[in-house]
Amino acid sequence: MSDKRRHSFIVYISPAGTTESVARKIETRLTALGESFTACNLGKKPCDQSGLYLALAADTETLLFVGSPVYSSHAVPTIINFIDQLPKAKNCWAVPFVTWGGATSGVALHEMGKSLLGRGFTLAGAAKVMAVHSLMWQLPDPVGAGRPNEDDLNLVSLLVSDVIKNIKSGSTLQLSIDRLNYQPAEHVPEMLRLSVAKAKTILPPRVVDPERCTLCGYCRDNCPVSAIELNPLPDFLPDCFICFNCVRLCPENAILVDMKPVYERILSRVSHYAESPATEVFRP
Ligand SMILES: Cc1cc2nc3c(=O)[nH]c(=O)nc-3n(C[C@H](O)[C@H](O)[C@H](O)COP(=O)(O)O)c2cc1C
Ligand code: SF4
Ligand code: SF4
């Protein structure tokens, strides 16, 4: 990869903001290294992916950082769909990264890595970063409180430096996909059986309280996948991937949901998996 033409893209989704904080760290490091980049949050408009598509179509040397929160042991559908719809890449490197809420990072990195390889990318590195659990915002002491912390983010920063150094040196070293298959074999089948679609059927329903809802539209405007329609009360559309932003952000607390069974399930998963290390970066 020649120095002159290289451009990086950082593409992610981050309903509760921690994946975005990792993306920002990547941006800061790339800036410090004098690297050009474009960042795109798929959950916020405008998010212009045309530069990435043009670069891939023109076989321009490209480094793609792609980030997802872990939902139900998986990368979220928006990110997997984004990767799977990319044009076939040549001369391009990718660094998948995930944030996870202390229950399990699941098979998310492995599946993102496989999808990226399927689109022709070479894996230059990867990262899983511990974060506060985004379903526990109402609790005073959520799982993963205070994460990602400075140490977590510094690991990401060092990874970015090493990736750029390797690429600049013309190294052909690449991260083996097998390194991202790090979960104990006995846990993998149950992780694979879960999915965001399945979690939707397990999570307690959200009910809009007509007495509280002012029809302000704030939930609709802040849904990262445009999955709310006001009819006149908010309706949740099939694309909803249960990020709970609407519940969390409603100024009237008008979307009611019983979170107690959710907390119990998360805590039992934390002790069941006891995943360690919490934050880890993967290099070739
Ligand atoms: C529906 C849903 C499912 C989740 N599933 C998991 C999980 O399987 N394992 C885990 O450790 N954290 C899980 N989390 C927590 C998120 O992975 C974690 O908080 C992540 O950092 C959120 O990223 P964001 O802040 O960019 O939205 C889940 C969160 C939601 C909303
Ligand atoms: S943000 Fe709350 S009050 Fe506003 S439309 Fe949505 S549910 Fe109703
Ligand atoms: S409808 Fe609510 S829970 Fe579903 S994706 Fe949109 S903001 Fe998230």
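Residues numbered from 1 in each chain as written. Chains lettered and ligands numbered in written order. Predicted model: local features only at pLDDT ≥ 70, side-chain atom pairs only at ≥ 80, totals over all residues. Heavy atoms only, no water.

**Student:** Help me understand the overall build of the chain in this model?
**Tutor:** When you go through the chain residue by residue, the secondary structure sums to ten helices and twelve strands. Whereas a compact globule of 284 residues would reach a radius of gyration of roughly 19 Å, the chain reaches 19 Å, a difference of no more than 12%. Taken along the three principal axes of its C-alpha coordinates, the chain extends 60 × 40 × 30 Å. The buried share among the 284 residues of the chain stands at 51%. Residue pairs at least 24 apart in sequence account for 80% of intrachain contacts in the chain once pairs closer than 6 positions are excluded. Just so you have it, the chain exposes about 13000 Å², and 52% of that area is on carbon and sulfur atoms. Across the chain, the centroid of the 28 positively charged side chains sits 5 Å from that of the 28 negatively charged ones. (Helix = DSSP H or I, 4+ residues; strand = E, 2+ residues; numbered from the N terminus. Rg over C-alpha atoms; globule rule 2.2 N^0.38 Å. Buried < 20%, exposed > 50% of the residue type's maximum accessible area, 1.4 Å probe, protein only. Contact = heavy atoms within 4.5 Å. Areas by Shrake-Rupley, 256 points an atom, 1.4 Å probe, with all protein chains shown as cover. Lys, Arg positive; Asp, Glu negative; His and termini not counted. Charge placed at Lys NZ, Arg CZ, Asp CG, Glu CD.)

**Student:** Explain helix 1 (residues 18-32) to me, please; I cannot follow it from the model alone.
**Tutor:** Residues three or four positions apart in an α-helix share a direction because the helix packs 3.6 residues into each turn. Helix length check: helix 1, at 15 residues, gives a terminal C-alpha distance of 21 Å against a target of 21 Å (1.5 Å per residue), a fit within 8%. Regarding helix 1, the residues found buried are Thr 18, Thr 19, Glu 20, Val 22, Ala 23, Ile 26, Glu 27 and Leu 30. Where helix 1 is buried, its residues meet strand 1 (7-12), strand 2 (37-41), strand 3 (62-71), strand 5 (92-100), strand 7 (126-130) and helix 5 (150-168). Immediately downstream of helix 1, the backbone of Gly 34 shows phi near 75°, a positive value. (Expected span 1.5 Å × (residues − 1).)

**Student:** When you look at the domain arrangement of the chain in this model, what are you seeing that I'm missing?
**Tutor:** In many analyses, interface size is given as the accessible surface area lost on bringing the parts together. What the domain assignment reports for the chain is domain 1 (7-183 + 275-282) and domain 2 (196-271). Between the C-alpha centres of domain 1 and domain 2 there is a distance of 26 Å. Each side of the interface is counted separately: domain 1 has 23 residues, and domain 2 has 19 residues. Scanning the region where domain 1 abuts domain 2 turns up zero salt bridges. At the junction of domain 1 and domain 2, the tally comes to four residue pairs in polar contact (both at pLDDT 80 or more). Classifying every residue of the side of domain 1 that touches domain 2 gives 13 nonpolar, nine polar and one charged. (Domains from an automatic or database assignment. Salt bridge = Lys/Arg side-chain N within 4 Å of Asp/Glu carboxyl O. Polar contact = N/O pair within 3.5 Å; in protein donor to acceptor, adjacent residues only side chain to side chain. Nonpolar A, V, L, I, M, F, W, Y, C, P; charged D, E, K, R; others polar.)

**Student:** It is not clear to me how the state of the cysteines should be interpreted in this structure. Could you clarify?
**Tutor:** Working definition of a disulfide: a covalent bond connecting the sulfur atoms of two cysteines. By the definition in use, this model includes one disulfide. Across the disulfide from Cys 40 sits Cys 47; the S-S distance is 1.8 Å. Taking the torsion about the sulfur-sulfur bond, which here is approximately 85°, the covalent link between Cys 40 and Cys 47 counts as right-handed. Residue Cys 40 is classed as buried on the basis of its relative accessible area, which comes to 5%. Relative accessible area serves as the criterion here: at 22%, Cys 47 is assigned to the partly exposed category. (Disulfide = S-S within 2.5 Å.)

**Student:** Could you clarify how one ought to interpret the packing of helix 1 against helix 5 in this entry?
**Tutor:** Where helix 1 meets helix 5, the closest approach of the two axes is 9 Å, and the angle between their N-to-C directions is 45°. The angle between helix 1 and helix 5 places the two elements in the oblique class. Relative to helix 5, helix 1 is oriented so that their crossing is right-handed. Along its contact with helix 1, which presents Ser 21, Val 22, Lys 25, Ile 26, Arg 29 and Leu 30, the element helix 5 presents Leu 153, Asn 154, Val 156, Ser 157, Val 160, Ser 161 and Ile 164. Of the residues belonging to the contact of helix 1 with helix 5, the class tally is seven nonpolar, four polar and two charged. (Axes fitted to C-alpha atoms, helices over the stretch in contact; angles between N-to-C directions. Parallel < 35°, antiparallel > 145°, perpendicular 65-115°, else oblique. Left-handed = near helix turned anticlockwise from the far one by under 90°.)

**Student:** How should I be thinking about the site of ligand 2 in this particular structure?
**Tutor:** Taken together, the residues surrounding ligand 2 are Cys 213, Thr 214, Leu 215, Cys 216, Gly 217, Tyr 218, Cys 219, Pro 234, Cys 250, Pro 251, Glu 252 and Ile 255. When grouped by side-chain class, the residues that make up the shell around ligand 2 number nine nonpolar, two polar and one charged. (Near = heavy atom within 4 Å.)

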